[in-house]
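Structural characterization, general
Letter by letter, the chains look like this.
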Amino acid sequence: MTTIAGTSPYTGELLGTATDASTAEEVEAVVGSAMEAVAYLDRAGRSGRAALLRAMAGGLESNSGSLVTISDQETGIGVERLSGELRRAVFQLRFFADVVEEGSYLEAVIDLPADTPMGPRPDLRRMLVPLGPVAVFGASNFPFAFSVAGGDTASALAAGSPVVAKAHSSHPETSRMSFEVMSAAAASIGAPEGVLGIVYGQRAGALLVSHPDVRAVGFTGSVSGGQALMDLIAQRDRPIPFYGELSSLNPLIVSRTAALERGSEIGAGLAASVTMAAGQLCTKPGVIFVPAGAEGDRLVAVFAEKLAAAPVSPLLNQRIFDSYGEILSTLGAVSGVTRLVAGPDPSEGGFRVAPALYSISAKDLRKDTAEECFGPASLVVRYTDHAELLQALELVEDSLTLTIHIGENEADFTEQLTKVGLSKVGRMVYNGYPTGVAVSWAQTHGGPWPATNSVHTSVGATAIRRFLRPMTWQNAPVSALPAELRDGSCLVPTRINGRISMPDGYTEK
């Protein structure tokens, strides 16, 4: 029997607790239970699913101390950040409970019978319905917010789709405990065990994605890992959607005026953003465009000074640790690249690394020079004018975010960069930093390939859309209609004959 055990990033040693990898029979049983739970989630309705999500949030909150302790042992992220991340996971669950109760996510539409220029129109009623069981793959860098207890799980359950989570091998015990806490909370309100399941091991993950009863996959991780899952999906008899959040460089641009007006402030902010969570965030600014000349020099000097003084932090696992060293070694050997910061090799052991900063001129930048690097490192690209900046920006692959730091009286430049960003990213940030993704109604956490492979977001209210499909009822008897589409009910915001109708007493959450 294969066992899976976490490794301490602080020491590099295996932790004592091990979990058996799931067998093919166990995967079959877990997916079977998920299929049986589909009917329960349908009967529970929106109010029942909201209660389920809130119960799970309460369970996580009540067990936060032990969850954070275990997670820190497995990830080395630190108690303070993990405590904040767990609060985020709890918030997400309660947020999606509100989304479900509010109901506009259903996109309810009623077209009553009428004569039209195309002839008689039948009675048509449409809304979104759940896909069915969803496989969720946890992320190494977010053991709570993008793992068993994360946003994919919350949004899928909110949609009415049971979840089978694949535990991440870097934090198997955190995954197990999160699952047990959430399952106990679900059972406390009468939900069957199939609403949430879990499997362990790479083979089990492959079996899960290939299972005919799994109807969608949510994944946060590397391009290579996502591609492997997409290859498995391509071999299925029945194709299913794959929602992958994969790779992102998140270019950040500083205008000459912004560098002149607040270069030191931006330099310090960049250092904080690049080193946040030891640089292991998919929204870390990896390529930073700074004007050549004295204004940019001051900014880069502060940036480098702050980075050099930043603490040495452990990375999540051996693979990320090895990759960090390989990418920096390759980057340092590129013609035209100058190393600005590279701290001494840490002596404490484990997977600790020092921050690093490199610089290259925009005219020397090549498409293969800029590569995503998990860890506290970044590449500064020095440009001489707007034309050179725009040309260099085209060499940076599409991303989750584009950040622009601008100064006074730069409206035209801002508009120009915004137009560029509309085709390259899913979120534009102005005079700020892309690290930190608020869970809200207006959020987008997605972007063109290779940031993601879909047009959907994995954070925010519309993340629920991934696990729903449209259904139309034509000339249906009342008994066949869901409650939200029956005449006179108006339980959720509904478009009737092209006009929005709101429920009595409706107030936005």
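Here the structure is a predicted model, which is why all the values come from computation and not from measurement.

Quick notes on the rules
Residues numbered from 1 in each chain as written. Predicted model: local features only at pLDDT ≥ 70, side-chain atom pairs only at ≥ 80, totals over all residues. Heavy atoms only, no water. Pairing = 2+ DSSP bridges. Helix = DSSP H or I, 4+ residues; strand = E, 2+ residues; numbered from the N terminus. Axes fitted to C-alpha atoms, helices over the stretch in contact; angles between N-to-C directions. Expected span 1.5 Å × (residues − 1). Bend = angle between axes of the 7 residues up to and from the residue. Core = buried A, V, L, I, M, F, W, Y, C linked by side-chain atoms within 4.5 Å. Buried < 20%, exposed > 50% of the residue type's maximum accessible area, 1.4 Å probe, protein only. Contact = heavy atoms within 4.5 Å. Right-handed = clockwise from strand over helix to strand, strands pointing away. Polar contact = N/O pair within 3.5 Å; in protein donor to acceptor, adjacent residues only side chain to side chain.

The subject of this paragraph is the sheet that holds strand S3 (residues 108-111). Sheets are built from strands that pair by backbone hydrogen bonding, the pairs being arranged parallel or antiparallel. Within the open sheet, the five strands sit side by side as S21-S6-S3-S22-S23. Their pairing is mixed. Both edges of this open sheet fall to strand S21 (468-474) and strand S23 (499-501), since each of them pairs with a single strand only. Strand after strand, the sheet turns through a mean of 25° between neighbouring axes, direction not considered. Looking at chain direction, strand S6 (residues 124-130) and S21 are connected through seven bridges and run antiparallel. Looking at the pairing, leucine 124 lines up with glutamine 474 of S21.

Strand order across the open sheet formed by five strands is S9-S8-S7-S10-S11, with parallel pairing between neighbours. The sheet terminates laterally at strand S9 (196-199) and strand S11 (242-245), the two strands that pair on one side only. In this sheet, neighbouring strand axes are inclined to one another by 15° on average, regardless of whether the strands run parallel or antiparallel. Note that strand S7 (residues 134-137) and strand S8 (residues 163-166) share four bridges and pair parallel. Along S8, the bridge assignment pairs phenylalanine 137 with lysine 166.

Attention shifts here to helix H1 (residues 24-62). With 39 residues, H1 ought to run about 57 Å at 1.5 Å a step, yet its terminal C-alpha atoms sit only 33 Å apart, falling short of that. Taken as a whole, H1 carries its principal kink of about 110° at glycine 45.

Once that is clear, we can look at the nonpolar core. Of all hydrophobic cores here, the largest spans 117 residues; its most connected members are Met56, Leu60, Phe96, Val195, Phe289, Tyr324 and Val381. Leave out the neighbours within four places in its chain, and valine 195 touches Ala37, Tyr40, Leu41, Met56, Leu157, Pro162, Val163 and Ala186.

A word on unusual backbone geometry. That bond from tryptophan 449 to proline 450 is cis: its omega, 10°, falls within 30 degrees of zero. Along the chain, the position of proline 450 falls in the loop between strand S20 (427-430) and S21. Even without a glycine there, the phi angle at asparagine 409 is positive, about 60°. Residue cysteine 490 is not a glycine yet carries a positive backbone phi of 40°. In this structure, cysteine 490 sits in the loop between S21 and strand S22 (494-496). Overall, the relative accessible area of 24% leaves cysteine 490 in the partly exposed class.

Further remarks concern the pairing of S9. Side chains of S9 alternate between two faces, with Leu196 and Ile198 and Gly197 and Val199 buried alike. Both S8 and S9 contribute to a ladder of four bridges, which runs parallel. When the bridges of S9 are listed, alanine 165 appears paired with isoleucine 198. On the question of chirality, the crossover connecting S8 to the parallel S9 by way of helix H5 (residues 172-188) is right-handed.

Of note, lysine 367 is situated in the loop between strand S17 (356-361) and strand S18 (377-383). Using a relative accessible area of 55% as the deciding quantity, one classes lysine 367 as exposed. Distance from lysine 367 to leucine 395, taken between C-alpha atoms, is 4.9 Å for residues 28 residues apart in sequence. Beyond its immediate chain neighbours, meaning those up to four positions away, lysine 367 contacts Glu394 and Leu395.

Tracing the backbone through its elements, the reader meets proline 120 in strand S5 (residues 119-121). Discounting chain neighbours no more than four positions away, the residues touching proline 120 are Ala114 and Asp115.

With burial as the criterion, only one face of S3 is covered, namely that bearing Ala108 and Ile110; the residues Val109 and Asp111 on the opposite face remain uncovered. Pairing of S3 with S22, which is carried by three bridges, proceeds in the parallel orientation. Its bridge partner lying in S22, alanine 108 is registered against threonine 494. As paired elements, S3 and S6 share three bridges and run antiparallel to each other.

Moving on: the side chain of lysine 424. Inspection of the secondary structure puts lysine 424 in the loop between helix H12 (411-422) and S20. For lysine 424, a relative accessible area of 8% gives the class buried. At 3.2 Å, the side chain of lysine 424 forms a polar contact with the side chain of aspartate 398. Residues in contact with lysine 424, not counting those within four places in the same chain, are Leu393, Glu394, Val396, Glu397, Asp398, Ser399 and Pro448.

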